[in-house]
There are 2 protein chains.
Amino acid sequence: MTAPRAPSPPTGAGDAARERLLDVAERQFAERGFAETSIRSITTDAGCNVSAVSYYFGNKLGLYTAAIRRRLDGIREQRLLAIREATADLDETADGLDRLLRHFSGVFVAPLLDEGGAQLMSLFLREFVTPQLDPGFLIDEILEPVERALAEALAKVSPGLGPIDARLCAMSHVAQLGHVCHLREGNQGAAGVIDAVIDHVVRFTADGVRAAAARSARVTPAGEVS
Amino acid sequence: MTAPRAPSPPTGAGDAARERLLDVAERQFAERGFAETSIRSITTDAGCNVSAVSYYFGNKLGLYTAAIRRRLDGIREQRLLAIREATADLDETADGLDRLLRHFSGVFVAPLLDEGGAQLMSLFLREFVTPQLDPGFLIDEILEPVERALAEALAKVSPGLGPIDARLCAMSHVAQLGHVCHLREGNQGAAGVIDAVIDHVVRFTADGVRAAAARSARVTPAGEVS
DNA sequence: GCGCGGGTCAAACGAACGTTTGATTTCGAC
DNA sequence: GTCGAAATCAAACGTTCGTTTGACCCGCGC
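None of the values given here were measured: they were computed from a predicted structure.

Here's the deal with the overall build of chain A
Along chain A, the regular secondary structure elements total nine helices and zero strands. Tracing chain A from N to C terminus, the helices and strands come up as α-α-α-α-α-α-α-α-α. Evaluated residue by residue, chain A yields a buried proportion of 46% over its 226 residues. For chain A, the exposed area adds up to about 10,600 Å²; of that, 54% sits on carbon and sulfur atoms.

Considerations on the side chain of H179(B)
Within the element layout of this structure, H179(B) appears in helix α8 (residues 163-185). For H179(B), a relative accessible area of 9% corresponds to the buried category. Each residue touching H179(B), except ones within four places of it in the same chain, is listed here: L143(A), E147(A), M171(A) and A175(A).

Some remarks on the nonpolar core
L154(A) and L154(B) are the most contacted members of the largest nonpolar core, which has 136 residues in total. Residues in contact with L154(B), not counting those within four places in the same chain, are L97(B), L100(B), L101(B), L161(B), A166(B), C169(B), A170(B) and V209(B).

Some points on empty space enclosed by the protein
Applying the stated criterion across every chain yields a total of two cavities of 30 Å³ or more. Approximately 770 Å³ is the volume attributed to the largest cavity. Every residue lining the largest cavity is counted, 35 residues in all, and those nearest its centre are L125(A), H182(A), L125(B), G178(B) and H182(B). Residue assignment for the lining of the largest cavity shows that the elements contributing at least two residues are α6 (117-129), α7 (137-157) and α8 (163-185) of chain A together with α4 (60-88), α6 (117-129), α7 (137-157) and α8 of chain B. Here the lining of the largest cavity is built from residues that sort into 26 nonpolar, six polar and three charged. Here the second largest cavity is characterised by a volume of approximately 180 Å³.

Here's the deal with the relation of the copies chain A and chain B
Once turned by 180 degrees and shifted 0.0 Å along the axis, chain A lies on chain B with an RMSD of 0.1 Å. Such a combination of rotation and displacement between the chain copies is what one expects of a two-fold axis. A shared interface surface links the copies, since 100% of the contact residues of chain A are contact residues in chain B too.

Details of the interface of chain A and chain B
Listed per partner, the contact involves 35 residues of chain A and 36 residues of chain B. For the pair chain A and chain B, the summed buried surface comes to about 3,100 Å²; carbon and sulfur atoms form 68% of the total. If you sort the residues of chain A by the area they bury against chain B, V129(A), H179(A) and F204(A) come out on top, with a joint share of 20%. In this assembly, chain A and chain B are joined by two salt bridges. In this structure, D207(B) engages R215(A) in a salt bridge whose closest nitrogen and oxygen atoms are separated by 2.9 Å.

Thoughts on the protein's contact with DNA strand D
What surrounds DNA strand D is a group of 21 residues, the closest being I39(A), R40(A), K60(A), D15(B) and Y56(B). The sugar-phosphate backbone supplies 49% of the atoms of DNA strand D found within 4 Å of the protein. Contact distances for DNA strand D include 3.0 Å between a base nitrogen and a side-chain N or O atom of S51(B). Only α2 (39-46) and α3 (51-57) of chain A together with α3 (51-57) of chain B provide two or more residues apiece to the surface near DNA strand D. A per-element tally of the surface near DNA strand D places α3(B) first, with three residues. In terms of residue class, the surface near DNA strand D is made up of eight nonpolar, eight polar and five charged.

Focus on α6(A)
For α6(A), which comprises 13 residues, the first-to-last C-alpha distance of 19 Å matches the rise-based estimate of 18 Å (1.5 Å per residue) to within 8%. Along α6(A), the residues classified as buried are G117(A), L120(A), M121(A), S122(A), L123(A), F124(A), L125(A), R126(A), E127(A) and V129(A).

Section: α8(A)
Taking 1.5 Å as the rise per residue, α8(A) with 23 residues should run 33 Å; its terminal C-alpha atoms sit 33 Å apart, in good agreement. Of all 23 residues that make up α8(A), 17 are buried, and the element is covered over most of its length.

Remarks on the domain arrangement of chain A
Residues and elements named next belong to chain A. Parsing chain A into structural domains produces domain 1 (12-58) and domain 2 (68-217). Of note, the centres of domain 1 and domain 2, computed from C-alpha atoms alone, are 31 Å apart. Contact residues are listed per partner, giving eleven residues for domain 1 and eight residues for domain 2. A combined buried area of about 840 Å² lies between domain 1 and domain 2, and 48% of that area is made up of carbon and sulfur atoms. Three residues stand out in domain 1 for area buried against domain 2, namely E26, A30 and F34, and they jointly supply 60% of the buried area on that side. Joining domain 1 to domain 2, the criterion identifies four salt bridges. As a salt-bridge pair, R70 and D23 come within 2.9 Å of each other at their nearest N and O atoms. In the side of domain 1 that touches domain 2, the residues fall into four nonpolar, one polar and six charged.

Definitions and cut-offs
- Residues numbered from 1 in each chain as written.
- Chains lettered and ligands numbered in written order.
- Predicted model: local features only at pLDDT ≥ 70, side-chain atom pairs only at ≥ 80, totals over all residues.
- Heavy atoms only, no water.
- Helix = DSSP H or I, 4+ residues; strand = E, 2+ residues; numbered from the N terminus.
- Buried < 20%, exposed > 50% of the residue type's maximum accessible area, 1.4 Å probe, protein only.
- Areas by Shrake-Rupley, 256 points an atom, 1.4 Å probe, with all protein chains shown as cover.
- Contact = heavy atoms within 4.5 Å.
- Core = buried A, V, L, I, M, F, W, Y, C linked by side-chain atoms within 4.5 Å.
- 1 Å grid on protein atoms, 1.4 Å probe; cavity = no way out; pocket = protein on both sides within 12 Å on 5 of 7 lines; lining within 4 Å.
- Points joined across faces, edges and corners; volume = space filled by probe spheres on them.
- Nonpolar A, V, L, I, M, F, W, Y, C, P; charged D, E, K, R; others polar.
- Least-squares fit on C-alpha atoms with pLDDT ≥ 70 in both.
- Buried area = accessible area lost by both parts, 1.4 Å probe.
- Salt bridge = Lys/Arg side-chain N within 4 Å of Asp/Glu carboxyl O.
- Near = heavy atom within 4 Å.
- Polar contact = N/O pair within 3.5 Å; in protein donor to acceptor, adjacent residues only side chain to side chain.
- Expected span 1.5 Å × (residues − 1).
- Domains from an automatic or database assignment.

Put into structure tokens, the structure is as follows:
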């Protein structure tokens, strides 16, 4: 009698059908959303039986959750790593802010340019707007950690920028990048335009951060750290 | 024999049930999305029969379309009016940029603070991410006209700012405001925090616009208009 | 050779859905 | 009072959905 009928999935890896299901589910959930995608459509594309979903993932929501979780940690760690890389060799010249923003932005939108990467962003955007999981799940798992790390990095490379202003500036930057992802998903603008827009976003944020830092420095007397 | 069984809706207004259906549909579609909301749930809340939907709107998608259309023009015109108002009395001091951004941003997020206004923004966000209508419908109907008008206004109040930079800066500003709407929808941050965030966004964009205008003025010799 | 369990399958189940039908009610015009 | 169209209704239709069932296949240990 089928062992893994329990709510907990059976194994962890090694099953070919399991991976195929996750691949197809990621694509179809991203293209059409959770409710508009049927289990039968996924299993047909994956070349297996409908009962494979309940066998490996318990139910439809389990498959959806697994498809998101499989990618979530990777994306977040890529972004956090990009921040660390850009702030590691900081003791050079004064263009640390520009290098940080440019490197981070490149990593942020990189999935958009890959084959199949845009659909991954679409999957996250959908879960962000129409949560099937716990509301705030994606905020806690990606948005908040990345924004926090970016805020700390901004404060590090921008003398005089207070923590609150750094947080707000990080929000502004992430907001712009997310908007670019929106537009790119809707086939708005060819892939070549993306680079120009990213260039603008990096300059725009850098100018905003510098102005905020200057404003803080004017309030807090110069030479005083923190 | 029922007259308006044709795909075209019967009357235009005056029916109480019709308006009740639109009210309930707007709320439920905003809360749960198109596919997750059933006609029976809407008609039950509206206190009428399921066939009223096909009677007044043809089918479920017709009801959804009517619910969006009913609000779309109003929101867009409010935003465009806010831009015109802020650029009309321009021949005053030099703080035209700040006044424009502050006024426009206030109107943009105003629906969020009303009772029932947040759900309206949620409805638009959902259609933006998971289009049930023609893809790009909302972009053409709201995003593009508003961004274009804002870009023209930015160029007007910012001497030296080229049209392309103006467009990009308008995009950056709208992106930040849309992000605020996202967070507000997810109950992130109390209503009081919104004002502080909007203050930051206005300052942030103003700094970015001024820097872009200064950069353009450096490339294009001063005194030369366009 | 045999048994056993993981993996896969076709088939069916019950529920919920969007839509349609045909009758009934409502109501102003005459 | 009567007629007709608009409006509303209960009921059913056909489809699709997520999920479950029970049998079958295959490879491995003994």
